[in-house]
Amino acid sequence: MKKGCLQLHSIHILSTHPTQPQVYFNMLKIKSLDHLVLTVKSIPKTIKFYESILGMESQTFVSPVDPTITRYALKFGVMKLNLHALDSPFKPHAKNPLNGTADLCFLLDDANSSVVGIKGVIDHLNQLEVPIEIGPVERSGANGKIESVYIRDPDENLIEISKYI
């Protein structure tokens, strides 16, 4: 390095416009998703669907902000879906909380499930008379190719059930 030059580490130059790059120091990095919020018309119907069709575990918890408020969630793997009622969403919430606007992809847990593979998912859904929107189809997941089946939840959210191939 030349005398009088300063070497800076952790500089990131991002450009959304070719003539106006933005410089950031020590860029934030996200590790994973902890939970996602679904705004729903009916918390009981949503819980019944996700428990009986997708094997999630419902949870209730007291709001740390207001102990008089009971909250609801659906746990799966190391993540959860928090549920907000459309008519009284918990604050803070999305700017325009609406039901039926989510498009979610869930990965099949073959190791801890009596349902194995996408063929097994299709058989399971048919047995429970859950209409299949589309599938099986090949898609691109976060870590490679997946095989997927699509269904709708009670709020008409698009639910993709997938397995890496």
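The preceding data block contains the structure.
Read on for a plain summary of the structure. Not measured: the values here are computed from a predicted model.

1. Points about the side chain of Asp153
For step 1, the next point in the chain: Summarising the element assignment, Asp153 is placed in the loop between β9 (144-152) and β10 (158-164).
For step 2, the next point in the chain: For the buried Asp153, no salt bridge exists, and the shortest N-O distance to an oppositely charged side chain is 7.5 Å, to Arg152.
For step 3, the next point in the chain: A polar contact is formed between the side chain of Asp153 and the side chain of Tyr50, at a distance of 2.7 Å.
For step 4, the next point in the chain: In this structure, Asp153 is in contact with Leu38, Phe49, Tyr50 and Ile159, ignoring residues within four places of it in sequence.

2. Re the pattern of salt bridges
Side-chain pairing between opposite charges can occur once the charged atoms of the two side chains come close.
For step 1, the next point in the chain: Under the defined criterion, the tally for this structure stands at four salt bridges.
For step 2, the next point in the chain: Lys163 serves as the salt-bridge partner of Asp110, at 2.0 Å between the closest nitrogen and oxygen. Separated by 53 residues along the polypeptide, Asp110 in the loop between β7 (103-107) and α2 (117-127) and Lys163 in strand β10 bring together distant segments of the chain.
For step 3, the next point in the chain: For Lys163, a relative accessible area of 30% gives the class partly exposed.

3. Description of the pairing of β10
For step 1, the next point in the chain: Burial within β10 is extensive, with five of its seven residues counted as buried.
For step 2, the next point in the chain: Bridge analysis of β7 against β10 gives five bridges, and the strand direction is parallel. Note on β10: the bridge partner recorded for Leu104 is Ile159.
For step 3, the next point in the chain: Bridge analysis of β9 against β10 gives seven bridges, and the strand direction is antiparallel. Directly across from Ile146, in β10, lies its bridge partner Tyr164.
For step 4, the next point in the chain: In sequence, β9 turns back onto β10 through a hairpin of five residues, with Glu156 there showing a positive phi of about 75°.

4. Examining the sheet that holds strand β4 (residues 57-62)
For step 1, the next point in the chain: Read across the open sheet, the four strands follow the order β3-β6-β5-β4; overall the sheet is mixed. The strands lining the two open edges of the sheet, one partner per strand, are β3 (35-40) and β4. Ignoring which end each strand starts from, the neighbouring axes of this sheet average 30° apart.
For step 2, the next point in the chain: Sheet analysis places β4 next to strand β5 (residues 70-76), joined by six bridges and oriented antiparallel. Note that in β5 the partner of Thr60 across the bridge is Tyr72.

Cut-offs used in this document
- Every chain is numbered independently, its residues counted from 1 as its sequence is written.
- Given that this is a predicted model, residues contribute local features only at a pLDDT of at least 70 and side-chain atom pairs are listed and counted only at 80 or more, while totals for whole chains, interfaces and linings are drawn from all residues.
- Excluded from the side-chain calculations are hydrogens and water; all other atoms, namely the structure's heavy atoms, are used.
- Here a strand is any run of E in DSSP of at least two residues, a helix any run of H or I of at least four, and the numbering for each starts at the N terminus.
- Only protein chains enter the area calculation, which uses a 1.4 Å probe; residues under 20% of their type maximum are buried, those over 50% are exposed, and those in between are partly exposed.
- As used throughout, the charge tally considers Lys and Arg to be positive and Asp and Glu to be negative, leaving His and the chain termini uncounted.
- Every case where a carboxyl oxygen of Asp or Glu lies within 4 Å of a side-chain nitrogen of Lys or Arg is listed as a salt bridge.
- Polar contacts, as used here, are pairs of N or O atoms within 3.5 Å; protein pairs need one atom able to donate a hydrogen and one able to accept it. Residues neighboring in sequence count only if both atoms are side-chain atoms.
- Residues count as neighbours in contact if any of their non-hydrogen atoms are within 4.5 Å of one another.
- Two strands qualify as a pair provided DSSP detects at least 2 bridges between them.
- In this analysis an axis means a line fitted to C-alpha atoms, helices contributing only their contacting stretch, and an angle means the value between N-to-C directions, from 0 to 180 degrees.

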